[in-house]
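Single-letter residue listing:
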Amino acid sequence: MSVAETTAPSLRRPVTSQQRWGRIGIYAFLGVMTLFFLLPLYVMVVTSLKTMDEIRLGQIFALPVRPTLEAWATAWSSACTGLDCTGLRIGFWNSVQILIPSVILSILLGALNGYALSFWKVRGANLLFACLLLGAFMPYQVFIYPLVRFYSQAGIYGSLSGIVLTHVIFGMPVMTLLFRNYYSGLPSELFKAARVDGAGFWAIFFTIILPMSVPITIVAVIMQVTAIWNDFLLGLVFAGRENLPMTVQLNNIVNTTTGERAYNVNMAATILTSLVPLAVYLGSGRWFVRGIASGAVKG
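Note that the structure is predicted; figures quoted are calculated from it, not measured.

Enquirer: Even after reading the chapter, I still don't get the side chain of Ser102, so can you show me in this structure?
Expert: Looking at the element boundaries, Ser102 is found in helix H5 (residues 89-119). Given the relative accessible area of 0%, Ser102 is considered buried. Only 2.6 Å separates the side chain of Ser102 from the backbone oxygen of Ile98, close enough to count as a polar contact. In this view, Ser102 contacts Val164, His167, Val168 and Ile228; residues no more than four positions away in its chain are not counted.

So, in C-alpha cells, the structure goes:
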C-alpha cells in the first residue's frame with residue numbers, strides 16, 4: 001500500500017457534532033442579521049404601496065390590502081420640494097449632471113496622481129502624498145467657508161461647475177490613495193521597458209497604465225458614485241437653487257411643515273433616491289471585491 005493510500009482516509013475527517021452545531025449557529029446568526037437589515041427596507045416598500053387611510057391603521061408590518069403606485073408617481077412628478085411641486089425628477093437629472101463629470105474627473109486625476117507618485121519619483125513626492133492623505137481625513141466642514149468665499153470671488157458659487165469642482169477636490173485624496181497603492185503593486189519592469197523604448201509620461205499612462213487599471217477603476221467608480229450621489233451637505237451649500245441634487249429635494253419633501261405628512265410618498269421618494277447607488281452595488285459588487293483583492297489596499 002502506498003503512502004498516499006494510507007494517508008488519504010485521514011484527510012477525510014468526519015464532521016463532528018460540535019462543528020455541525022457551530023455551522024448551524026453561524027447560519028442562524030447570519031440569517032438574523034439579514035432580517036435585521038432588510039426589515040427597514042421591507043417597511044419602506046410596503047408603506048410606499050399603501051394608501052394613507054391604510055397607513056393610519058398603524059399596522060406597519062402588514063402587507064398592503066390594495067397595493068398602489070400612486071405614491072411613487074407623486075414622489076417622482078408632483079411632490080412639493082419647497083415652493084415647487086415638481087417631484088424628484090428635476091433633482092434626479094441635477095444629480096446625474098453633477099455625478100457624471102465629477103466621477104470622471106476625480107478618477108482621472110486620482111489615477112494620474114497615483115501614477116506620477118508611484119513611477120515618477122520626484123523630490124517632495126512623499127510630502128505631497130502625505131498632504132493629499134491628510135486631506136482625505138479632514139472633515140468637509142473645515143473647508144466650506146473658505147471655498148464659499150473663493151467661489152464667490154471666482155463667480156462660480158451656486159453653479160453646476162462649482163459643485164462639480166467641489167466633488168473633484170474632495171474626491172481626489174481618496175482616489176490618489178487608491179490608485180497609488182494599486183500602482184505600487186504593478187511590476188516596475190513594464191514602466192522601465194517603456195522608458196527604454198522611448199515612451200514618455202503620457203504615452204505610458206494612456207497605453208500601459210490605464211489598461212491595467214480596470215479592477216481599481218471599478219472600485220473607484222463604486223466609491224465615487226455612492227459618495228457623490230448620496231451627498232447632502234455639499235449639494236446644499238454649493239449647488240445653488242437651480243442645481244439642487246436629489247438628496248436635498250428628498251429632505252425638502254420629508255421635512256415639509258405644511259399640509260398632511262404623506263408617509264407613503266416619503267417612503268417612495270426615499271427608495272427612488274437610493275436606487276442608483278443600490279443598482280451600482282448590485283450590478284458590480286463582485287467587481288468591487290476583485291478590485292480590492294487585486295491591490296486596492298496594498299502599500
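Enquirer: Please clarify how helix H8 (residues 160-183) should be interpreted in this entry.
Expert: Every α-helix carries 3.6 residues per turn, so stepping three or four residues along brings you back to the same face. Between its first and last C-alpha atoms H8 spans 32 Å; for 24 residues at 1.5 Å apiece the expected length is 34 Å, and the two agree. Roughly 40° is the biggest bend found in H8, and it falls at Met172, with proline Pro173 one to four residues downstream. Of all 24 residues in H8, 17 are buried; the element is thus mostly enclosed.

Enquirer: Mind showing me how you'd approach the packing of aromatic side chains here?
Expert: One pair of aromatic rings is described through two measures. These are the centre distance and the angle between the planes. With the rule as written, the count across this model stands at 16 aromatic pairs. Where Tyr151 meets Phe238, the ring centres are 5.5 Å apart and the plane angle is 70°; that geometry is what we call edge-to-face. Here Phe238 lies in helix H12 (residues 233-238) and Tyr151 lies in helix H7 (residues 141-154), a separation of 87 residues in the sequence. Ring geometry for Phe201 versus Trp202: centroids 5.2 Å apart, planes at 80°, classification edge-to-face. Linked through ring pairs, Tyr115, Phe201, Trp202, Phe205 and Phe206 together constitute an aromatic cluster.

Enquirer: When you look at the side chain of His167 in this model, what are you seeing that I'm missing?
Expert: Note that His167 resides in helix H8. Apart from the residues lying within four places of it in its own chain, the contact partners of His167 are Ile98, Ser102, Gln224, Ile228, Asp231 and Leu234.

Enquirer: Sorry, what's going on with the UniProt feature "transmembrane region" (unreviewed entry) in the protein here?
Expert: Taking the UniProt record as the reference, the feature "transmembrane region" (unreviewed entry) is found at residues 21-43, 98-120, 127-148, 154-179, 200-229 and 267-289. Regarding residues 154-179, the helix share stands at 81% and the strand share at 0%, and the terminal C-alpha atoms are separated by 31 Å. Here residues 200-229 runs as 83% helix and 0% strand, with 36 Å between its end C-alpha atoms.

Scoring rules and cut-offs
Residues numbered from 1 in each chain as written. Predicted model: local features only at pLDDT ≥ 70, side-chain atom pairs only at ≥ 80, totals over all residues. Heavy atoms only, no water. Helix = DSSP H or I, 4+ residues; strand = E, 2+ residues; numbered from the N terminus. Buried < 20%, exposed > 50% of the residue type's maximum accessible area, 1.4 Å probe, protein only. Polar contact = N/O pair within 3.5 Å; in protein donor to acceptor, adjacent residues only side chain to side chain. Contact = heavy atoms within 4.5 Å. Expected span 1.5 Å × (residues − 1). Bend = angle between axes of the 7 residues up to and from the residue. Phe/Tyr/Trp six-rings, centres within 6.5 Å; stacked < 30°, edge-to-face > 60°. UniProt positions renumbered as here; feature names shortened; annotations may be inferred.

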